[in-house]
Amino acid sequence: MIRKLTMIQAITEAMDQKLAEDSRVMLLGEDVGVNGGVFRATEDLIHKYGANRVVDTPLSEAGIIGAAIGMAMNGLIPIVEIQFLAFIYPGFEQIVSHAARMRYRTRGQYHVPMVIRTPYGAGIRGPELHSESVETFFAHVPGLKVVAPSTPYDAKGLLIAAIEDPDPVIFLEPTKLYRAFKEEVPEEMYRVPIGKAKVVREGTDISIFAWGAMLRVAEEAAKQLEREQGASCEVVDLRTIYPLDRDAIVASLKKTGRAVVVHEAHKTAGMGAEIISIINDEALIYLKAPVKRITGFDVPVPQFSIEDDYLPTPARVKSGIVETLTF
Amino acid sequence: MTSLYQVLAPTGELTQDIEGRLDESVMIKMYENMVLVRLFDRKSINLQRQGRMGTYAPFEGQEASQVGSALALTPGDWLFPTYRDHAAAIVHGQSMARVFLYWMGHMEGSISPQGLNVMPPCVPIATQMIHAVGTAWASKLQNEQHVSLAYFGDGATSEGDFHEALNFAGVFKTPTIFFCQNNGYAISVPFSQQSASKTIAQRAAAYDIPGVRIDGNDVFAVWLTMKEAMERALNGEGPTLIEAITYRYGAHTTADDPKKYRDQEKLAEEWRTERDPIQRLRTFLVQRGLWSDAQEAQLVARANEQIDAALVEAESYPKSRPEDMFKHVYAEPTWMAEEQEGELVKPAKKEDIPA
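Computed from a predicted structure; not experimentally measured.

A word on the sheet that holds strand β3 (residues 54–56) of chain A. All names here are of chain A. Strand order in the open sheet formed by seven strands is β3-β2-β4-β5-β7-β6-β12, with mixed pairing between adjacent strands. Here the strands that pair on one side only, and so sit at the sheet edges, are β3 and β12 (240–242). For this sheet, the mean inter-axis angle between neighbouring strands, taken without regard to orientation, is 20°. With three bridges connecting them, strand β6 (residues 145–147) and strand β7 (residues 169–174) associate as parallel partners.

Residues and elements named next belong to chain A. Domains assigned within chain A are domain 1 (4–184) and domain 2 (198–325). Computed from C-alpha atoms alone, the centre-to-centre distance between domain 1 and domain 2 is 26 Å. Only α6 (135–139), β6, α7 (152–164) and β7 provide two or more residues apiece to the side of domain 1 that touches domain 2. A breakdown of the residues in the side of domain 1 that touches domain 2 according to their chemical character gives 12 nonpolar, seven polar and seven charged.

Quick look at the environment of B:Phe191 now. All names here are of chain B. Within the secondary structure, Phe 191 sits in helix α7 (residues 191–194). Exposure remark for Phe 191: the 21 C-beta atoms within 10 Å place this residue in the buried category. Not counting the four nearest positions on each side in its chain, Phe 191 is found in contact with Asp 154, Asn 182 and Gly 184.

So, on to the UniProt feature "domain: Transketolase-like pyrimidine-binding" (unreviewed entry) in chain A. Sites flagged by UniProt as "domain: Transketolase-like pyrimidine-binding" (unreviewed entry) map to residues 5–180 of chain A. For residues 5–180 of chain A, the helix share is 36%, the strand share is 16%, and the end-to-end C-alpha distance is 10 Å.

Let us now look at the interface of chain B and chain A. Taken together, the 33 residues of chain B in the interface contact 33 residues of chain A. Of all elements in the fold, only α5 (127–141), α6 (160–172) and α13 (335–345) of chain B reach the threshold of two or more residues within the side of chain B that touches chain A. When residues of the side of chain B that touches chain A are assigned to their parent elements, the largest contribution, 11 residues, is made by α5(B). Per-class residue counts for the side of chain B that touches chain A are 18 nonpolar, 12 polar and three charged.

We now examine the domain arrangement of chain B. On domain assignment, one finds that chain B holds domain 1 (24–320) and domain 2 (321–355). For domain 1 of chain B versus domain 2 of chain B, the separation of C-alpha centres amounts to 39 Å.

Here we take up the UniProt feature "domain: Dehydrogenase E1 component" (unreviewed entry) in chain B. Within this numbering scheme, the UniProt entry marks residues 32–322 of chain B as carrying the feature "domain: Dehydrogenase E1 component" (unreviewed entry). As a span, residues 32–322 of chain B carries 48% helix and 11% strand, and end to end its C-alpha atoms are 39 Å apart.

All right, on to the nonpolar core then. Counting 199 residues, the largest nonpolar core has A:Ile208 and A:Ala218 as its most contacted members. Counting residues per element, this core draws most heavily on helix α9 (residues 219–234) of chain B, which supplies 10 residues. Sequence-distant contacts of A:Ile208, defined by excluding residues within four places in its chain, comprise A:Ala218, A:Ala222, A:Cys233, A:Glu234, A:Val235, A:Val236, A:Val260 and A:Val262.

Per-residue confidence for chain B averages 95 on the pLDDT scale, and 97% of its residues sit at or above 70. Interface predicted TM-score (ipTM) for the complex: 0.94; the corresponding pTM is 0.96.

Here we take up helix α1 (residues 7–21) of chain A. All names here are of chain A. Spanning 15 residues, α1 covers 21 Å between terminal C-alpha atoms, matching the ideal 21 Å at 1.5 Å per step. With respect to burial, α1 is a largely interior element, 11 of its 15 residues being buried. Among all positions in α1, only Met 7, Ile 8, Gln 9, Ala 10, Ile 11, Thr 12, Glu 13, Ala 14, Met 15, Lys 18 and Leu 19 are buried. Close packing links the buried residues of α1 with β1 (4–5), β2 (25–29), α2 (45–49), β4 (77–81), α7 and β7.

Relative orientation and spacing of two packed helices are given, respectively, by the angle between their axes and the distance between those axes. Residue and element names in this part refer to chain A. The N-to-C vectors of helix α9 (residues 246–256) and helix α10 (residues 271–283) enclose an angle of 65°; their axes lie 10 Å apart at closest approach. Viewed along their axes, α9 and α10 adopt a mutual orientation that is roughly perpendicular. The way α9 lies across α10 gives a crossing that is right-handed. Note on element contacts: α10 touches α9 through Ile 275, Ile 278, Ile 279, Glu 282 and Ala 283, opposite Arg 246, Ile 249, Val 250, Leu 253 and Lys 254. In the contact of α9 with α10, the residues fall into seven nonpolar, no polar and three charged.

Moving on, we get to the sheet that holds strand β2 (residues 148–153) of chain B. Each strand in a sheet pairs with another by means of backbone hydrogen bonds, the pair being arranged parallel or else antiparallel. Residues and elements named next belong to chain B. An order of β1-β2-β3-β7-β6 is seen for the five strands of this open sheet, with the pairing classed as parallel. A strand with exactly one partner marks an edge of an open sheet, and here the two such strands are β1 (78–80) and β6 (211–215). Within this sheet the neighbouring strands show an average axis-to-axis angle of 20°, counted without direction. Bridge analysis of β2 against strand β3 (residues 176–182) gives six bridges, and the strand direction is parallel.

How each quantity is defined
- Residues numbered from 1 in each chain as written.
- Chains lettered and ligands numbered in written order.
- Predicted model: local features only at pLDDT ≥ 70, side-chain atom pairs only at ≥ 80, totals over all residues.
- Pairing = 2+ DSSP bridges.
- Helix = DSSP H or I, 4+ residues; strand = E, 2+ residues; numbered from the N terminus.
- Axes fitted to C-alpha atoms, helices over the stretch in contact; angles between N-to-C directions.
- Domains from an automatic or database assignment.
- Nonpolar A, V, L, I, M, F, W, Y, C, P; charged D, E, K, R; others polar.
- Buried ≥ 20, exposed ≤ 12 C-beta atoms within 10 Å, placed from the backbone.
- Contact = placed C-beta atoms within 7 Å.
- UniProt positions renumbered as here; feature names shortened; annotations may be inferred.
- Core = buried A, V, L, I, M, F, W, Y, C linked by C-beta atoms within 7 Å.
- pLDDT = per-residue confidence, 0-100.
- Expected span 1.5 Å × (residues − 1).
- Parallel < 35°, antiparallel > 145°, perpendicular 65-115°, else oblique.
- Left-handed = near helix turned anticlockwise from the far one by under 90°.

What follows is the structure in structure tokens.
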């Protein structure tokens, strides 16, 4: 029988299986225990593994992340849940000045195998500061890896890979996709490698690079354009934001000669700029048109009455693609 | 609450009976270590002045706090120093050569002796206090009989991480010891302007953990307080906040001029003559017949030899290679680092650049 899970179920299952398999793994966060997490990602895990391994912490992001750093240095593998990406800022110093640097400062003597999971992105009608997409902050910090799955299958496989990774991983979960759809997810443990993108739709006319919740928007735009105009769009899910899968980006671009990047983060200094830079470095002569970015705007993510207008939509993506195709 | 726990008065007299609580051999070890690290500190300042070392943060005056606390630890206990706590690091087993290397700007200056858990000096303020909660918590969960000791200064108590660390440690009863060296100044700002709290120890009440205010220039008080805190920690009774009142005789760092913010000469002179940690222990040891001028001469000669040997070791340490900066960023290097390392070691030659 085919078993289908939502992304949140896939995430829970990944943690459950790692907790069962490896006694060093533990969960820390606000409301992750009795309440099962604000999105229920850790539902029931406290009952299965006890309050010593699934820990309801004080409301204290620097405290949670800082303590997890110490635990990771001393033999444990903490998985931290931060309730929303914008709530991570009090712990930012702990991430950039310590988690990311401990291996470096001690010349490999101590390292920080931890995962910081947090929902991110807009589109759920959340209050202020519940919808940010600031992956760039973390992608700029050597020592961190940044991952953002777009499907339940990848979420489980990437989370297991992140927990097993010897370095700190920022694991960004697109809030909008938590319960948006189900897909087949194997019951056994498997890994989706960090640093590897995936071509989710083959095409020959243009490459669309996206991740997280924007993947679905990109796919929708590709489908519509194919139906309406016969354009053959290739969609590449980057899956890992740092380190980027350069080979996949370049291979797709060489095939199509045109590209757009879709991300919901603000345009300026967003990862789109980095992707374009890779294309410039590696495949400039293959380009038939400038690479366009269809992104969130350079404004604070607005309140939800107009958040849909902030986010790239299939219509905006389509018009960007058409512009690039007709350059 | 503002009273100080003191065992050895500045006059070298015991203010209370400590019979059976402190071996004479430990007292001598304390003295030897304090003299050693003071000479090390002075040497370091000289090296900085000679251009042989980078900016340096001296600790002279604070020897009793650092030596007494670190000497109480056992191997494997976790030590989280700030950039001023190299005396503690040395006492816990860090080599003086490594400390020199750190201040000489070498990548390898932060490596701990194997198994001793001497953490790299923490530069951001108070952040390491939370790590000491995490390591201690992990020790407890893994049934290891080790404490984690976090050093910090009076200024650190204004940071949010101070609060978060004490709060966490209190909730989870982690075997953490928070050791504040209150030397009266956060660079230039006096403690009276740092906080309206009369003391730092009183903050412990807010977390329902023990808070002790001690004479930080009394090495006996420091050591005995630490031992008590360690016993509680290892009995599962949780953390302790220790406020050690002390004074840094010199500047915040070699790049700082304390005359700008305090009556440097007068204050340093007062502390040196009236409350010096080394002087009072020597008076005590001499009065007890445990120390002589001959021993003193031998100690100073031996300490200077050790320091000189450490300096030779540090200065003859292999030169840092630029490619070292690409190592240990991740367990496996990223493609970016691999490529950029190539750019570094093969810089473009002038003739390669088209006119």
